[in-house]
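A closer look at the structure
Read off the chains here:
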Amino acid sequence: MTKLCLILGDQLSLSLDALQALDKHSDHIMLAELYTETHYVKHNKLKIALLFSAMRHFAKQLRDEGFHVDYYDFTATKDHHQSFTDVLRAQLSQHSYQQVICTEPGEYRVLNEMKRWQQELAVDVIIKSDNRFYFTLAQMHDWFSERKEPRMEHFYQFARKQTGLLMETGKPIGGRFNFDKENRNAWQSDTPLPPMLKHEQDDITEQVLTLVEQEFTDFPGKLVHFNFAVNREQALAALRHFIKHKLADFGRFQDALADNNNTLFHSLLASYINIGLLLPQEVCEAAIEAYQAQNAPLNAVEGFVRQILGWREYVRGLYWYEGESYKKHNALNAQTPLPNWFWDGKTNMRCMQKAIGHSLDDAYAHHIQRLMIIGNFSLIAGLNVTEVCDWYLAVYIDAFEWVELPNTLGMALYADNGKLASKPYAASANYINKMGNHCSSCRYNPKLVTGVKACPFNALYWDFIQRHQERFAKNPRMALMVKQWQKKSSADQHAITQWAATLIEKLDKA
Ligand code: FAD
Ligand code: DLZ
């Protein structure tokens, strides 16, 4: 039986189950650079360049392994290859295959397309499970369906027990599953920063950068900032670099905010794991080996493993368990249009300017910038949920819907009414001022609540509590803030809500 295996741009791993089923002598593999995939949101140019370069390198790696690969270049035709369905149809018209094999995609949009192929293209289609995770979707579905309140922390403990990671005779190493309390240091600006790793660019990457510059002129991103691993060797070098230079401090500065640096001790590995250049298992194992060799403390290693074994697997499970309608949630009825400065970073709020600027120019911001700066602002200003989610999906190097949507809609915007988070991640300027040094370079004062000098996070925060006080009074983790609001004099309340309304009205000038 002759088979055709379709590999998507975020499935670039030799360990894919779909590849194991192939006969190198008779079967074919195809990859395609597509108009629809590059345009479903206005992806950052850096992300398109990473995807195209990594896809081209993977095609070469597969050929070196002896596979027959058909690769569809973005510029091979004037009008571009449009969709997966179009290139499959073209491929099926040139060769006779008995079966098309593909791997579970990371989005309902593509899954729905795949499900139509058997009938539309009159060929047997097999969708293989994506084996690049610790847990299958069926296992995740069971876990979610068996619980009333399926929280990440419970899943994480389950995952530790199932995998045995950081476990000793059935108990968590160090006596606790979670060392998060030790991972909340504010940024200390005299801390030496880790060195940056420079990835060499070869001819393939240079050609891709030229292509992206020409074809995606009005997309966000600065290609001169391209410094990504585009193949397995470079991704492994990035993993080694993280373990050697950053892991030991990853824990304590995980939540820190620095005005002059947006990567700190974060790994920068998410895009490589998400597109298949690294496997989550090998990344966690490398961190645990560093702990065993006494090169990194437990709080750092546990914190890092929790992000991958816990959060990453959990959000994937939630995305597929909740179904396509999850995307439509807008529990807090957030409708304010995204300000234009989300697309150029030109805002006077220093923390937002820095976080958005890096997100656009480098396709990267670390977790606390995504959650407690940009996400927090979007939440308290009541920005339109779909617009915010599309923005996150577009700008980040590691953004694919299965992981972006639960993090944005659920964690940052609380738009799923607490399916993911037990409380909204809303905070005033006080938090931002405490965790780092943005405020000292900002034109706004973090201590003031109203008036032109006041940090907009303050009035927007209290106005957010005010707008949703009925809902949050019932939430034990929010009730105190509601009480604090209700204790304010009516004159103060009035001044704050008026000022918040002025801010929302002039959001484009903030
Ligand atoms: P590190 O801080 O070094 O963390 C280590 C690894 O843990 C990451 O590489 C990643 O694989 C994993 N991880 C950490 N947190 C999460 C999480 N909450 N969910 C899933 N995996 C996690 N992550 C994405 O991979 N793609 C996204 O599109 C994405 N969108 C996000 C949107 C919002 C609003 C928020 C709050 C978080 C989002 N995250 C997303 C999660 C997290 O912020 C990124 O994984 C992380 O910032 C990537 O940088 P890093 O590789 O340096 O991560
Ligand atoms: C993100 C992306 C981009 C920008 N381009 C392509 C592409 O040209 N060809 C491809 O196979 N995949 C691409 N991708 C990744 C897909 O969008 C991704 O596979 C789906 O969103 C499912 O996760």
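Residues numbered from 1 in each chain as written. Chains lettered and ligands numbered in written order. Predicted model: local features only at pLDDT ≥ 70, side-chain atom pairs only at ≥ 80, totals over all residues. Heavy atoms only, no water.

If you tally the helices and strands in the protein chain, you get 22 helices and 7 strands. Against the 2.2 N^0.38 benchmark of 24 Å for 510 residues, the protein chain shows a C-alpha radius of gyration of 24 Å, consistent with a compact globule. Over its C-alpha atoms, taken along the principal directions, the protein chain stretches across nearly 80 × 55 × 45 Å. A burial count over the protein chain gives 58% of its 510 residues as buried. A separation threshold of at least 6 residues defines the contact pool for the protein chain, and within that pool the share at least 24 residues apart is 77%. With the model as given, the accessible surface of the protein chain reaches about 21700 Å², and the carbon-plus-sulfur share is 48%. Distance between charge centroids for the protein chain: 8 Å, based on 55 positive and 58 negative side chains. (Helix = DSSP H or I, 4+ residues; strand = E, 2+ residues; numbered from the N terminus. Rg over C-alpha atoms; globule rule 2.2 N^0.38 Å. Buried < 20%, exposed > 50% of the residue type's maximum accessible area, 1.4 Å probe, protein only. Contact = heavy atoms within 4.5 Å. Areas by Shrake-Rupley, 256 points an atom, 1.4 Å probe, with all protein chains shown as cover. Lys, Arg positive; Asp, Glu negative; His and termini not counted. Charge placed at Lys NZ, Arg CZ, Asp CG, Glu CD.)

Right, let's get into the side chain of Asn261. Looking at the secondary structure, you find Asn261 in the loop between helix 10 (247-250) and helix 11 (270-275). At 2.9 Å, the side chain of Asn261 forms a polar contact with the backbone nitrogen of Thr263. Of the polar contacts made by the side chain of Asn261, one reaches the backbone nitrogen of Leu264; its length is 2.6 Å. (Polar contact = N/O pair within 3.5 Å; in protein donor to acceptor, adjacent residues only side chain to side chain.)

Across all of its chains, the model carries 26 salt bridges by this definition. Residue Glu302 is joined to Arg306 by a salt bridge in which the shortest nitrogen-to-oxygen separation is 2.9 Å. In this pair, Glu302 and Arg306 are both assigned in helix 13 (residues 298-322), 4 residues apart and thus about one turn of the helix distant. Judged on exposure class, the residue Glu302 and its partner Arg306 are both buried. Note that Lys327 is salt-bridged to Glu401, the shortest N-O span being 2.8 Å. Taken together, the positions of Lys327 in the loop between helix 13 and helix 14 (350-362) and Glu401 in helix 17 (residues 401-412) put the pair 74 residues apart, joining distant regions of the chain. Since its relative accessible area comes to 39%, Lys327 is described here as partly exposed. Look at Glu401 and you get buried, because its relative accessible area is 5%. (Salt bridge = Lys/Arg side-chain N within 4 Å of Asp/Glu carboxyl O.)

This part takes up the sheet that holds strand 5 (residues 124-128). Spatial strand order, 3-2-1-4-5: 5 strands in an open sheet with parallel pairing. In the strand order of this sheet, the two ends are held by strand 3 (68-72) and strand 5, each with one partner. On average, each strand axis in the sheet is tilted by 25 degrees relative to the strand beside it, whichever way the strands run. (Pairing = 2+ DSSP bridges. Axes fitted to C-alpha atoms, helices over the stretch in contact; angles between N-to-C directions.)

Let us now look at the site of ligand 1. Around ligand 1 sit 28 residues in total, of which His266, Ser267, Leu268, Tyr364 and His367 are the nearest. At a separation of 2.7 Å, an oxygen atom of ligand 1 approaches a polar side-chain atom of His266. Burial of ligand 1 by the protein chains amounts to 99% of its free accessible area of 810 Å². At the level of secondary structure, the elements contributing two or more residues to the shell around ligand 1 comprise helix 11, helix 13, helix 15 (367-380) and helix 17. Sort the elements by how many residues they give to the shell around ligand 1 and helix 17 lands first, with 6 residues. A per-class count over the shell around ligand 1 returns 16 nonpolar, 8 polar and 4 charged. There are two domains that each give the shell around ligand 1 at least three residues, and those are domain 2 (137-194 + 246-317) and domain 3 (340-509). (Near = heavy atom within 4 Å. Nonpolar A, V, L, I, M, F, W, Y, C, P; charged D, E, K, R; others polar. Domains from an automatic or database assignment.)

A word on the domain arrangement of the protein chain. Under the domain assignment used here, the protein chain contains domain 1 (3-128), domain 2 (137-194 + 246-317) and domain 3 (340-509). Contacts between the two partners involve 27 residues from domain 2, matched on the other side by 31 residues from domain 3. Contact between domain 2 and domain 3 buries roughly 2300 Å² in total, counting both sides, with carbon and sulfur atoms accounting for 59%. Taken as a group, Leu257, Asp259 and Asn262 account for 35% of the area that domain 2 buries against domain 3, more than any other trio of residues on that side. On inspection of domain 2 and its partner domain 3, the count reaches 1 salt bridge. As a salt-bridge pair, Asp259 and Arg350 come within 2.6 Å of each other at their nearest N and O atoms. Across the domain 2-domain 3 interface, the total number found is 13 residue pairs in polar contact (both at pLDDT 80 or more). Listed by contribution, the elements that provide at least two residues to the side of domain 2 that touches domain 3 are helix 11 and helix 13. Classifying every residue of the side of domain 2 that touches domain 3 gives 13 nonpolar, 8 polar and 6 charged. (Buried area = accessible area lost by both parts, 1.4 Å probe.)

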